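Commentary on secondary and tertiary structure
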Amino acid sequence: MLWTKWFMGLGAVSAGVLWAQNGAAPLPQILQNYTPVTESRLKQPEDSDWLSVRRTRDGWGYSPLAQVNTQNVQQLQPVWVFSTGSNNGHEATPMVNNGVMFVSTPGNQVMAIEAKTGTLLWRYRRALPEGSIVLHPTSRGVALFGDKVYFACGDAVLVAIDARTGKEVWNTKVADNKAGYYMSLAPLVAGGKVLVGASGGELGIRGFVAAFNLETGKEEWRTYTVPAPGEPGSQTWPKGDQWKTGGGSVWVTGNYDAATNIAYWGVGNGGPWMGDQRPGDNLYVSSTIAIDVASGKIVGHHQYDPNESWDWDEVSPPILVDYQRNGRTVKGLIDVGRDGYLWFLDRNADGIGFVDGKPFVKQNAYRGVDPKTGRPDVDPAHKPRSGATVDFCPSLWGGKNWPPIAFSPQTRMIYIPANENLCGLTTAAKDPIDYKPGSPFTGASSKMTIAPGADHIGEVQAWNVDTGQRVWTHNYANSENWGPMLATGGGLVFSGGTNDRMFHAFDASTGKLLWEFPTNSGIIGQPSSFSVDGKQYIAVQAGWGIDSRAMQGGLNALLPGKFPEVPEGGAIWVFAVK
């Protein structure tokens, strides 16, 4: 065997902590010596710190570690593998602080593992109440601050866990799960608070971002993404009660500008799906919103898809990166939209400005965008509507779904996990759907199609942020791509996302595939890189499921035999050069 350890997962247990030592032994030394995370470390992390799910709160997904590089990456081998004991989609980042890895999985589970050896230190699980509504039973990670680990449970409960012991410190109910609210995102620690949002856009919820006290869990503010009558933006909704069930879920962690204390969050689709049942632009669905963390006030926004009708959740937050345009430096935001457009924005004193927008995959719903405002010119023939079947590209899965991009300051490129040539058909009922708490509230059904003449689906794209031009593309001949990206100081880009179970490493400058390794399952987790005792490691969770499984099933139905089934089962893989 190439790896040193394989730990089997434990069976389901009630809320609490499981000890590797059965509670009899004192804390392992590595936990006794655990150093709390401070605000200064969040602002200026050490090279090997992973204090946010994208390492830094600007969303770059970049590790400056360079020991593993283009010259030696072919020598990368597994050093340990850990079975999580859970199936379904594993999407969280393995986050390392002081040599301790903290990672969450499906099943409301968080584990602390010695990052160098793969030794389990503690395991926390919180049982879901009977009848819980969790349409996407996954977790996209945890947040670290002080001596606590913050975890968003599937049943819309936020918990704080003692980082040394794994014991629950406090928990607080974020929203009513019975009404369709559930959580799958990683919390964001910013401005002395812990921030979360909730999933449930297909269940008639009213989206929000909420902030809680780090020490007590007490709610400090709540900002809804669908304004009530009289609130700013409410004029973009009809005068009825549609705002109460308008969607706008927030289910991917926002990014944060510590200099201005502003967090940028992506907002999901409208509810029900058909925009003609809620006339108007419907702020702030399908938007990026800028929130003042001190007050919770929305201080800026950019709406990508007014009157959103395609199920294009634009929940992926833009990364914060300054770029060049027309001889000037733009204090920028860059968003790769589910709507198939690459958006270059400007974060400024007035909020969010538009700079440029262009398609990065096949897109027929827009005839273009206004060069001054970025408002799309929608082709009505490709906009879903009540009582009709409408085709459009990209599909409701989007040109890029939730898996995050990465940015390398070395190459000045962003790296996109894209799906090209996927379109869709949406068939909507003629009559408005009735709202029932906790029940589906879409009013339509969808079917995925493949564009005529397509020779591939999955891609990795690299775009230069200063020129706004694509530099290279790597195509996957027989797979979609659900792989979050990691860029490193060694000139590499890592990602999984394919149905062949491979973990890939590309030359960040040229796109050449330099290394790949088959894991136990497909990888839809967010990779990380860390250093212990001067040695660099690459970590990722394998575990296919949820939307990647659903897209794979759709592709299998369209082209039987071309897209083989993917085995499931969660595992953490850690690699190093030997």
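The structure we're discussing is the one just above.
Figured I'd write up the structure that's included with this text. All figures in this text were calculated on a predicted structure; none of them were measured in a lab. (Residues numbered from 1 in each chain as written. Predicted model: local features only at pLDDT ≥ 70, side-chain atom pairs only at ≥ 80, totals over all residues. Heavy atoms only, no water.)

Let us look at the side chain of Asn97. Inspection of the secondary structure puts Asn97 in strand β5 (residues 95-97). Engagement of the side chain of Asn97 in a polar contact is seen with the side chain of Arg41, the distance being 2.7 Å. Apart from the residues within four sequence positions on either side, Asn97 is in contact with Tyr34, Thr35, Val37, Arg41, Asp49, Leu51 and Leu144. (Helix = DSSP H or I, 4+ residues; strand = E, 2+ residues; numbered from the N terminus. Polar contact = N/O pair within 3.5 Å; in protein donor to acceptor, adjacent residues only side chain to side chain. Contact = heavy atoms within 4.5 Å.)

As a further point, take the pairing of strand β18 (residues 262-266). Across the five residues that make up β18, a large majority, five, are buried. Side chains Ile262, Tyr264 and Gly266 of β18 all project onto a buried face; the interleaved residues Ala263 and Trp265 project onto the opposite face, where all are buried too. As judged from the three bridges shared by strand β17 (residues 255-257) and β18, these two strands associate in the antiparallel manner. Bridge pairing links Asp257 to Ile262 in β18. What sits between the antiparallel neighbours β17 and β18 is a turn of four residues, in which Asn261 has the positive phi angle 60°. (Buried < 20%, exposed > 50% of the residue type's maximum accessible area, 1.4 Å probe, protein only. Pairing = 2+ DSSP bridges.)

Once that is clear, we can look at the sheet that holds β17. Pairing in this open sheet of four strands is antiparallel, and the strands run β17-β18-β19-β20 from one edge to the other. Edge positions in the open sheet fall to β17 and β20 (298-303), since each of these has one partner strand only. In this sheet, adjacent strand axes meet at a mean angle of 20° when their direction is disregarded. In this sheet, β20 lies alongside strand β19 (residues 287-292) in antiparallel orientation, the contact comprising five bridges. Residue pairing for β20: Ser287 is matched across the bridge by Gln303. (Axes fitted to C-alpha atoms, helices over the stretch in contact; angles between N-to-C directions.)

Moving on to the pattern of salt bridges. Opposite charge on two side chains permits pairing when their charged atoms draw close. Considering all chains together, one arrives at 22 salt bridges under this definition. We note a salt bridge from Asp257 to Arg347, for which the minimum N-O separation is 3.2 Å. Taken together, the residues span a long stretch of sequence, with Asp257 in strand β17 and Arg347 in strand β25 (residues 341-348) at a distance of 90 residues. Ionic pairing is found between Arg338 and Asp313, a salt bridge with its closest N-O pair at 3.6 Å. You can see Arg338 sitting in the loop between β24 (332-336) and β25 and its partner Asp313 sitting in the loop between β20 and β21 (319-320), a full 25 residues away along the chain. (Salt bridge = Lys/Arg side-chain N within 4 Å of Asp/Glu carboxyl O.)

Taking 1.5 Å of rise per residue, 13 residues should cover 18 Å, and helix α3 (residues 546-558) covers 19 Å from first to last C-alpha, within 8% of that figure. Residues of α3 that are buried make contact with β31 (413-419), β32 (422-428) and β33 (444-450). (Expected span 1.5 Å × (residues − 1).)

In this approach, a probe sized like a water molecule rolls over the atoms, and the result shows the empty space that is left. All chains considered together, the criterion is met by three cavities of 30 Å³ or more. The computed volume of the largest cavity comes to approximately 270 Å³. As for the largest cavity, its lining consists of 25 residues, and the residues nearest its centre are Arg54, Val252, Thr253, Pro317 and Pro404. Broken down by element, the lining of the largest cavity gets its largest block of residues, three residues, from β24. Classifying every residue of the lining of the largest cavity by side-chain character gives 12 nonpolar, eight polar and five charged. (1 Å grid on protein atoms, 1.4 Å probe; cavity = no way out; pocket = protein on both sides within 12 Å on 5 of 7 lines; lining within 4 Å. Points joined across faces, edges and corners; volume = space filled by probe spheres on them. Nonpolar A, V, L, I, M, F, W, Y, C, P; charged D, E, K, R; others polar.)

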